[in-house]
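A look at the structure
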Amino acid sequence: MNIVVLVKQVPDSGADRNLRNDDNTVDRGSANNVINEMDEYAIEEALKIKEAHGGEVTILTMGPDRATESIRKALSMGPDKAVHVVDDALHGSCAVATSKVLAAALGQLNADLVICGAESTDGRVQVMPHMIAERLGVAALTGARKLTVDGGTLTVERQTEEGYEVITAATPAVVSVWDTINEPRYPSFKGIMAAKKKPVQTLSLADLGVAPTEVGFDGATSAVVEHSKRPPRSGGAKITDEGEGGVKLVEFLATEKFV
Amino acid sequence: MTFDLTSEQDQLRDAVRALGRRYGHGYFVEKAKAGEHTTELWAEAGRLGYLGVNIPTAYGGGGGGITELAIVCEELAAAGCPLLLLVVSPAIAATVINRHGTEEQRKRHLPGLADGSAKIVFAITEPDAGSNFHRLGTVARRDGDGWLLSGRKCYISGVDEADHVLVVARTEDAGTGKLKPALFIVPTNAAGLTRSKLDMEIVSPENQFLLYLDDVRLPADALVGESLDAGLPALFAGLNPERITVAAMGAGTGRYAIERASGYTATRKVWGGRSIGSHQGVSHPLAHAAVQVELARLMIQKAATLYDAGRDLEAGVAGNMAKYAAGEAAALAVDTAVQALGGAGMTTEYGVATLLGAVRAGRIAPVSREMILNFVAQHVLGQDKSY
Ligand SMILES: Cc1cc2nc3c(=O)[nH]c(=O)nc-3n(C[C@H](O)[C@H](O)[C@H](O)COP(=O)(O)OP(=O)(O)OC[C@H]3O[C@@H](n4cnc5c(N)ncnc54)[C@H](O)[C@@H]3O)c2cc1C
Ligand SMILES: Cc1cc2nc3c(=O)[nH]c(=O)nc-3n(C[C@H](O)[C@H](O)[C@H](O)COP(=O)(O)OP(=O)(O)OC[C@H]3O[C@@H](n4cnc5c(N)ncnc54)[C@H](O)[C@@H]3O)c2cc1C
């Protein structure tokens, strides 16, 4: 099975993250950039399918030059190769434009299965798998907590608020996964050393036949006009237990309509 | 000289850190207190190739150097899991066998050390020969094709977990009084080899043992390099990797203690709304310890870089200095952390006092701070030897 995993480089969600003041885009320059956490689960799932059914795993990333670090890191977990879409004109692209570029790259990769994380920790819009599936004209199985492959049939347990749904589709398809699906492996030292020798193909917009005007700020269907930091959390209510702490707690919960 | 980590070394650091943190100090202490070993962590690190980073790829290792192994030691310790046997098995035993063993010995032993499925521990110290290993009393006598080993060893770490023990003996015909050491790879279940566990005041999943060798019969190929001339260089080959990795373990332990303490003091409030970390009486000792740990790390990187570049003599000076600095810094950092946590510092739960024994031992073993100062005084400062 030919599997492509979408991997995005994002600022570390464990550290301070900011938007840039000049153009309101994510500040990637000063951040510690890492693989989007959910994408590690996507990589793990792809590797497990390859181990069980054979085939090839390709990493696909759209991002600036420095995204190479994340690509190498992804490759150190075990995928075979990577494709890096990099072009200065991409800066400022909206979700619609990003899906166009990724779909164009996928068009050259002939994937039976595209796996990605259910959301990215920076954008958090959760639309990419749907948009890409739409552009490719294939099924979208999103929010998976379990994925089984049986020949050309994919079965997914789709995580919902109440429980899960079971849905099936034929390949080719796009599957997005939550972090409940598996436990991503640590890269082995051999994997780390092998990653630097694995092929990484870079593609420009021209290679993909996408015009610069269709992407970036120019082609954006939406733009962040203004941003401000969330105000710091206020202290909240502190209840000191002087014999009637329990009563006060219940009173608080009642006024907030929790009980 | 540049000590910048390559991107692969950086990735190794991240990966080992993530693995170590998943286990954490709680796991380490639980194993130690139950009298068990960190088997799961060792096995997982072995499968991922972290234990064998410095062993050549031809024997199943990662093909890296001591720089990589020091990263593994430091990051596991920084996650609260200082694994002493890393210093013994992959650092000392694997280096000795790789550099001075026969091809047959390399093929037999290195793959197991590389994936962690086998361990070889190291026995040099004797009741009357610790700092002064010229007084080794363990003797190897010729017995037909093979050898007979007799003597006593003490404080030998990890014998209960190991398949083999690398025993430093002297050959009988060294009647001149000059040490002619010979290293033997002895199965831990060899007839005539017995052990008894020492009670130590260290919270550690690794134990120390007294070893009795009573005419232990060994085949010719148990002798490292199968030649008596290999003895001295083989013995010295293990020293630099030992110094550098034990220093890395100390620096990692120091980082761990400072992280625990500064996390605590930043939020602990004793007087009104201010954190105790805002009092310089608390923050300065922690900052001072952090400086010492960072300086030790710098020296470790220098020593590892020199060693990996094949500059053994310079690595010897740097490695000894790194071991000294890291031993002192780790002891300072843990003691300072305990103090900063107040009563919590002495609890098992907060996981800093649990390291007091280990960092204290780090100023004695594997080479004491005094013997390093002797080395520096003689070999760097050109002073006469006093002993
Ligand atoms: C936890 C632990 C694990 C160990 N694991 C191993 C192991 O796996 N294998 C192994 O072979 N050994 C092991 N050892 C032994 C360790 O290497 C020795 O304890 C160490 O080398 C010191 O030797 P000693 O204990 O005989 O002390 P001694 O040599 O008796 O020294 C006692 C004190 O005198 C000082 N001293 C001695 N000579 C001088 C001098 N000339 N000038 C100034 N001061 C001097 C020393 O620095 C020390 O403070 C371990 C020890 C410990 C504590
Ligand atoms: C073995 C043991 C037995 C004990 N037995 C008893 C007992 O029987 N009865 C009992 O009541 N208590 C007992 N205690 C508690 C002990 O008295 C307290 O742990 C001690 O008073 C310190 O308080 P703390 O732990 O809250 O530390 P904290 O007050 O939180 O102090 C933490 C650290 O901050 C430092 N610090 C705090 N404020 C300042 C400042 N303004 N300037 C500079 N530094 C500052 C402290 O010196 C300390 O290093 C015991 C503790 C231990 C460890």
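The paragraphs below set out a description of the structure included in this document. Keep in mind that what you see is a predicted model, and the values were worked out from it rather than measured.

Rules used throughout
Residues numbered from 1 in each chain as written. Chains lettered and ligands numbered in written order. Predicted model: local features only at pLDDT ≥ 70, side-chain atom pairs only at ≥ 80, totals over all residues. Heavy atoms only, no water. Near = heavy atom within 4 Å. Polar contact = N/O pair within 3.5 Å; in protein donor to acceptor, adjacent residues only side chain to side chain. Helix = DSSP H or I, 4+ residues; strand = E, 2+ residues; numbered from the N terminus. Nonpolar A, V, L, I, M, F, W, Y, C, P; charged D, E, K, R; others polar. Domains from an automatic or database assignment. Areas by Shrake-Rupley, 256 points an atom, 1.4 Å probe, with all protein chains shown as cover. Contact = heavy atoms within 4.5 Å. Buried area = accessible area lost by both parts, 1.4 Å probe. Salt bridge = Lys/Arg side-chain N within 4 Å of Asp/Glu carboxyl O.

1. Digging into the site of ligand 1
Residues and elements named next belong to chain B.
- Taken together, 19 residues sit near ligand 1, with Thr-125, Ser-131, Tyr-155, Ser-368 and Glu-370 positioned nearest.
- Ile-124 is positioned with one of its backbone polar atoms (N or O) 2.9 Å from an oxygen atom of ligand 1.
- Between a nitrogen atom of ligand 1 and a side-chain N or O atom of Thr-125, the distance comes to 2.7 Å.
- Only β1 (120-123), β3 (146-157) and α10 (369-380) provide two or more residues apiece to the shell around ligand 1.
- When the residues that make up the shell around ligand 1 are grouped by side-chain class, the tally is 11 nonpolar, 7 polar and 1 charged.
- Composition of the shell around ligand 1 by domain shows at least three residues from each of domain 2 (122-231) and domain 3 (233-379).

2. Some details on the site of ligand 2
All names here are of chain B.
- The immediate surroundings of ligand 2 are formed by Arg-268, Val-270, Trp-271, Ile-276, His-279, Val-282, Gln-339, Ala-340, Gly-342 and Gly-343.
- Gln-339 places a main-chain nitrogen or oxygen 2.6 Å from an oxygen atom of ligand 2.
- Contact between ligand 2 and Gly-343: an oxygen atom at 2.7 Å from a main-chain N or O atom of the residue.
- For ligand 2, whose free accessible area comes to 980 Å², the fraction covered by protein is 38%.
- Counting residues per element, the ones that place at least two in the shell around ligand 2 are β8 (269-271) and α8 (312-340).
- Of the residues belonging to the shell around ligand 2, the class tally is 5 nonpolar, 4 polar and 1 charged.

3. Re the interface of chain A and chain B
- Listed per partner, the contact involves 11 residues of chain A and 18 residues of chain B.
- Interface area, chain A with chain B, both sides summed: about 1200 Å², of which 63% is carbon and sulfur.
- If you sort the residues of chain A by the area they bury against chain B, Tyr186(A), Phe189(A) and Ile192(A) come out on top, with a joint share of 58%.
- Residue Asp14(B) is joined to Lys73(A) by a salt bridge in which the shortest nitrogen-to-oxygen separation is 2.8 Å.
- For the pair chain A and chain B, the number of links is 6 residue pairs in polar contact (both at pLDDT 80 or more).
- Those elements that place two or more of their residues in the side of chain A that touches chain B are α2 (68-76) and α5 (189-195) of chain A.
- A total of 4 residues in the side of chain A that touches chain B trace back to one element, the largest contributor, which is α5(A).

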